[in-house]
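Below are the chains, spelled out letter by letter.
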Amino acid sequence: MDPIVELRGVGKRYGAGDNAVQALQDADLSVFAGEVLLIQGPSGSGKTTLLSILGLLLRPTTGDVLVDGRVATALPEKSLPAIRARHFGFVFQGFNLFAALTALENVALATQLKNPGAKASDTKDEARRLLTAVGLKDRMHHRPDELSGGQKQRVAIARALGGDPTVILGDEPTAAVDSKTALGIMELLHGLTREQGRAVVVVTHDPRLERYADRVVAVEDGRVASPRTGVAMAGGAS
Amino acid sequence: MWTLARKILLHDRVKFLVAAAGVSVSVFLVLVQIGLYLGFMRNASSIIDHAGADLWVASAGTENFDIAAPLDERTYYRVAETPGVSRAERMILAFGQFKMQSGGAQGVEVVGLERQARLFRPWNVVEGDARRMSEIDGIVVDRSEFPKLEMSAVGDQREITGMRSRIVALTQGIRSFTTSPYIFTNIHTARVYTRLRPDQITYVLVQAAPGVAISTLRERLGRIPYVSAYDTPEFSRRARAYWSERTGVGVGFFMTAMMGVIVGLVVVGQILYNGTLEHIREYGTLKAMGAENAAIVRVILYQALISAALGLVLGGAMAMLARAGLRAANLSVVLSPAVLISTALLTVLMCSMASLLSIAKVLRLDPASVFKG
């Protein structure tokens, strides 16, 4: 199976001269459809840099990023937003929802941004469908401050699914919720891989989430270790 | 994007109201200052603008319409016999002393007209018969000057520079820039009121004969010694320019109007920038998800435009109320469609400029920053 996203010899250096920091070096990584890939490592190890490069939010200093077999790093900066919109959805530790908008409006906004030509009524329908799929049918018209942490993250996942991306990238998506809710969120993300064939890449410190991972990648001092098989792949989560 | 902009603004109502108040004060100051300025300027040239003359002949180098050096009456005859002149009329415009009933004196601008004057007559006559100002003591005054002149009705009598005067007609809305009331009367009485000699006048109003180019006639009249000839638009412009530019009045009004714009710029800019900082992670998220910069810039611009629209409505309403109040104080605030449209455009420009810092912030925003912290 061909990878959806692939890193080849990717390195990232911040700054220059004596102050330069090599955040990532010579990283090779492939992300496949239908898998949950966990990225683990201590703080400052380069996990977030790796995730940002995977999501085309950051250009590597060396190496290439391939999306659907095409070298995205060779493309001009202005063409990257469209590729991100088509291929990636993002979920964040702090949810990053617009406080002034209801759950439905937050999701519809992202859907509209990813499909600028779509009719407003169609994007609303799509947002309703996504919120229903993440179990928030009854909370659509609530604003973020009226939702629990888990519900907010579900809204964020529904928003990430707007535009039907092939890869969901999560940066510590369970860090701001309690452990029971965290497992519920991972169940949801795991389900996306199994039921919809999407790839889910999650950066986390939490070892309990390994049960949902098909593969686990360790990052330390900017070096990406070879992925090992996760518990899910071994039949731990279903 | 429009909905997002509106909801972000309305989400924090206090900040939105502060922004709207800032724009309102700005709009109010700009409208009232420009309106007052235009009102004063309209007064400064109202007599010229309401005259039917093609050309005005004045003492050479006359800069101030209200305070012009007198002309020798022989000039009038030289003007009248100049080829191309269809009609010439004498006018006196000089100051006199109006004796108040309470004992004091009030400076007045006496306008003396020929008995058969056709090129200029008092306009907006609302009571009495203006033709009766040809009577020896007949004067026409503006109703709005009654409090200043301590008069109350047609028929009231007073003294001007020692000679009796009697109101024979009233006008409505004729005021001078100098705030000294205009007193219209016949040219002979005007000479007494202003202590001019019997052979002195102030202006000659000229009507060009059909087919004669005004510029040509102006050139001919300009050859008469010791006089200057102006076409009406230029003379009107000079009358306004004197007060506006030579006295600093225009700069004063302009500076106050600009203060209003600066207040609006700072208040709206600060509110928008704070709002942008508060939502910077959300904007970053949109960029990460693939939103183009243009889409996010639109959200900020829409917020600026919503603030501008509300500020225009509130500030415009405040200016209308102020106009009504100032009218009672004998001050006219000109809020013409051109002034309103110009102020609306200025407000939109001001609010758009106020959003530039916010726009620069989101344009520089690195989408990868959403993963930090």
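Rules used throughout
Every chain begins its residue count from 1, and numbering advances along the sequence as written. In the order they appear in the text, chains get letters beginning with A and ligands get numbers beginning with 1. A pLDDT threshold of at least 70 governs which residues receive local features in this predicted model, and a stricter bar of 80 or more applies before side-chain atom pairs are shown or counted, although totals over entire chains, interfaces and linings include all residues. Definition of nonpolar core: a set of buried Ala, Val, Leu, Ile, Met, Phe, Trp, Tyr and Cys residues joined via C-beta atoms within 7 Å. Exposed residues have 12 or fewer other C-beta atoms within 10 Å of their own C-beta, buried residues have 20 or more, and partly exposed residues fall in between, where C-beta atoms are placed from the backbone. Note on conventions: DSSP H or I runs of at least 4 residues are helices, E runs of at least 2 residues are strands, and numbering of each starts at the N terminus. A residue pair is marked as a contact if its C-beta atoms, positioned from the backbone, fall within 7 Å. Each pair of strands is called paired provided DSSP finds at least two bridges between the two strands. Think of each axis as a best-fit line through the C-alpha atoms, taken over the contacting stretch in the case of a helix, with angles from 0 to 180 degrees between the N-to-C directions. Note that Gly is not counted as nonpolar here; it falls among the polar residues with everything else outside the nonpolar set of Ala, Val, Leu, Ile, Met, Phe, Trp, Tyr, Cys and Pro and the charged set of Asp, Glu, Lys and Arg. pLDDT: the predictor's confidence for each residue, scored from 0 to 100.

Novice: Kindly report on the nonpolar core, identifying the contributing residues and their values.
Specialist: Val201 of chain A together with Val57 and Val206 of chain B are the most contacted members of the largest nonpolar core, which has 184 residues in total. Ranked by residues supplied to this core, first place goes to helix H2 (residues 13-44) of chain B with 16 residues. Contact partners of Val206 of chain B, with chain neighbours within four places excluded, come to Ala53, Asp54, Leu55, Val57, Val79, Val85, Ala88 and Leu221 of chain B.

Novice: Which residues make up the sheet that holds strand S4 (residues 62-67) of chain A, and what are the values?
Specialist: Residues and elements named next belong to chain A. With antiparallel pairing, 4 strands are arranged side by side in an open sheet as S2-S1-S4-S5. The strands lining the two open edges of the sheet, one partner per strand, are strand S2 (21-31) and strand S5 (70-71). One ladder, built from 5 bridges, connects strand S1 (residues 5-14) with S4; its direction is antiparallel. Of the residues in S4, the one forming a bridge with Gly11 is Thr62. Contacts between helix H1 (residues 47-54) and the sheet are confined to S1, S2 and S4, with S1 contributing the most and set at about 125 degrees to the helix.

Novice: Outline the interface of chain A and chain B, listing residues and values.
Specialist: Of the residues lining the interface, 22 residues belong to chain A; the matching set on chain B comes to 19 residues. Of all the elements in the fold, those that place two or more residues in the side of chain A that touches chain B are H1, helix H2 (80-87), strand S6 (88-92) and helix H3 (103-114) of chain A. Residues belonging to the side of chain A that touches chain B are distributed by class as follows: 15 nonpolar, 4 polar and 3 charged.

Novice: Which residues make up the confidence of the model for chain B, and what are the values?
Specialist: Looking at chain B as a whole, its pLDDT mean stands at 90, while 99% of the residues score no less than 70. The complex model carries a pTM of 0.75, and its ipTM stands at 0.81.

Novice: Any chance you could break down the pairing of strand S7 (residues 157-160) of chain B for me, citing the residues and the numbers?
Specialist: Residues and elements named next belong to chain B. On S7, burial follows the alternation: Arg158 and Ile160 on one face are buried, whereas Gln157 and Glu159 on the facing-out side are not. In the sheet, strand S3 (residues 85-99) pairs with S7 via 2 bridges, with the strands oriented antiparallel. Bridge assignment links Phe98 to a residue of S7, and that residue is Ile160. Here S7 runs beside strand S8 (residues 163-171); their pairing, made up of 4 bridges, is antiparallel. The partner of Ile160 across the bridge, within S8, is Met163.

Novice: Talk me through the environment of Val201 of chain A; I want residue IDs and the actual numbers.
Specialist: All names here are of chain A. On the secondary structure map, Val201 appears in strand S8 (residues 199-203). Along the sequence, Val201 and Val216 sit 15 residues apart, while their C-alpha atoms lie 9.7 Å from each other. Residues within four places of Val201 in sequence aside, it is in contact with Val31, Leu37, Ile39, Leu51, Leu54, Val167 and Leu169.

Novice: With reference to specific residues and values, describe unusual backbone geometry.
Specialist: The residue Asn96 of chain A is not glycine, and still its phi comes out positive at about 55 degrees. Residue placement: Asn96 of chain A occurs in the loop between S6 and H3. Taking the C-beta count within 10 Å as the criterion, Asn96 of chain A has 24 such neighbours and is therefore assigned buried. Even without being glycine, Tyr226 of chain B reaches a positive phi, approximately 65 degrees. Note that Tyr226 of chain B resides in the loop between helix H7 (214-222) and strand S12 (227-231).

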